[in-house]
Each structure stands twice: as structure tokens, then as C-alpha cells.
Amino acid sequence: KQEVTQIPAALSVPEGENLVLNCSFTDSAIYNLQWFRQDPGKGLTSLLLIQSSQREQTSGRLNASLDKSSGRSTLYIAASQPGDSATYLCAVSTYFGNEKLTFGTGTRLTIIP
Amino acid sequence: GAGVSQSPRYKVAKRGQDVALRCDPISGHVSLFWYQQALGQGPEFLTYFQNEAQLDKSGLPSDRFFAERPEGSVSTLKIQRTQQEDSAVYLCASSFRQATNSPLHFGNGTRLTVT
């Protein structure tokens, strides 16, 4: 059974700093990995999707990397802003044909102005 | 609509009552998912539709949970004889095609509290 772990559970950093969030998964037979953001009382917003054949994806100040063989992904946020405060979740899908995502428990990020 | 819409936003039910949660996906989206999110946890998969066909219901926790999408658009998640452990946020998500090839768009969820 696929298990997804995110460490740390919570993180506080001063505004302007660069930071890295970590995600690990136990079964490397994934089809893709997605990073989501969740604001309190809201649904999830997809940030980046990395196919298993890719190594990284970038969107603005966000960069996500994937090392499938070691079962790890990182989300890099550059020049953090207070608006980045949210819970960040990673999720993996198993090999093609299985549509469901397995989520981690998330990292609650607080950017201190 | 502009996004995935879920109703009601909040639902309080007494133990033993039946509830129905509605999801309006983005127009034209083929895939539709239901997830359950307990407090402080990540979402957990419940069921998946492709158009009107329910292709995977392996995540439904018991036979008290039932989902349908009869015309391939709006979906309803029904929970019969609610129990306290059913208290959670129920999230609906849709995608244009097979979700493994395109990002999911989530609704804001329905927070169910069973008293």
C-alpha cells in the first residue's frame, strides 16, 4: 500500500527567505506526483504536476523536483511572501489506469512578515 | 460555472440520519472524484467516475456510503444512517480528462458534523 509522508508537519519562516518542503512515498511505481495548496476552509489548488518521466516542473517562484527511484519530491519556494502561508500537500497516483491519488498529511507553512 | 461547486457548505446531522452531498463539476469535465478529509489529515480517496460510470469505489468505507452521477455531470454522495466517525470534510474534484494526465480542480468541500 502506497504511503506518503511530509516532513515537517509545520514550518515558520521570515518573509523573503527561500524554503523547501519535502515529500516521500514508499512505492516508486507512480504515474505522477502533484503538489497542492490548501487555504483554511477551502479546497485544494493544484500547483504543479510532475509526470513520472520528468525530473522537475517550475511555475513562477515554485519549483518541484521528483526522484522516483528514491521515492522523494521537494517543493522549493523562492522569496517567500505572507500570501504563501497555507498547507501544502503532495499526492501521488499509481501507475496508469488507477486514477486515485494518495495524499500526504501536509506541511502547514507560515510566512512571518 | 467557473469552478467546482459543492453544496451544502456545512451540514449538521444527528446520528442515524441520512445526508446527501452535491457536487457540480466544471462543465465538460469527464472525471469526477470524491475524497474524505478528516481534521488535520490529507484527503482520502472515496470513489471515481468517468462520465456516468463509477469506475472505482474501493475507498467507500462502508455500504452506508453511496455515490452516483446519473447524467455524467452533477454527482451526489449519500451517507445513510450517519455515524460520528463520518464527521469530516467531503471534497469533490473534477478534471477534463483522465486525472493522471491533467490537474484536479477541487471544490471547497462540505463539512459534515454528526452529533
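All of the points below concern the structure found in this document.

Take the pairing of strand E11 (residues 107–112) of chain A next. All names here are of chain A. Only one face of E11 is buried: it carries Thr107, Leu109 and Ile111, and the other face, with Arg108, Thr110 and Ile112, is open. Relative to E11, strand E2 (residues 10–14) runs parallel, the two sharing 5 bridges. Bridge pairing in E11 links Pro14 to Ile112. The sheet contact formed by strand E9 (residues 86–94) and E11 spans 3 bridges and is antiparallel. Bridged to Ala86 within E11 is Leu109.

Residues and elements named next belong to chain A. The antiparallel open sheet is built from 5 strands, whose spatial order is E1-E3-E8-E7-E6. Of all strands in the sheet, those bounded by a partner on one side alone are strand E1 (4–7) and strand E6 (56–59). Strand-to-strand twist in this sheet, taken as the mean axis angle between neighbours without regard to direction, amounts to 15 degrees. As judged from the 4 bridges shared by E6 and strand E7 (residues 62–67), these two strands associate in the antiparallel manner. Residue pairing for E7: Glu56 is matched across the bridge by Ser65.

Here is what the cut-offs are and how they apply
Residues numbered from 1 in each chain as written. Chains lettered and ligands numbered in written order. Predicted model: local features only at pLDDT ≥ 70, side-chain atom pairs only at ≥ 80, totals over all residues. Heavy atoms only, no water. Buried < 20%, exposed > 50% of the residue type's maximum accessible area, 1.4 Å probe, protein only. Helix = DSSP H or I, 4+ residues; strand = E, 2+ residues; numbered from the N terminus. Pairing = 2+ DSSP bridges. Axes fitted to C-alpha atoms, helices over the stretch in contact; angles between N-to-C directions.

Purely geometric stuff here, so don't read any function into it on its own.
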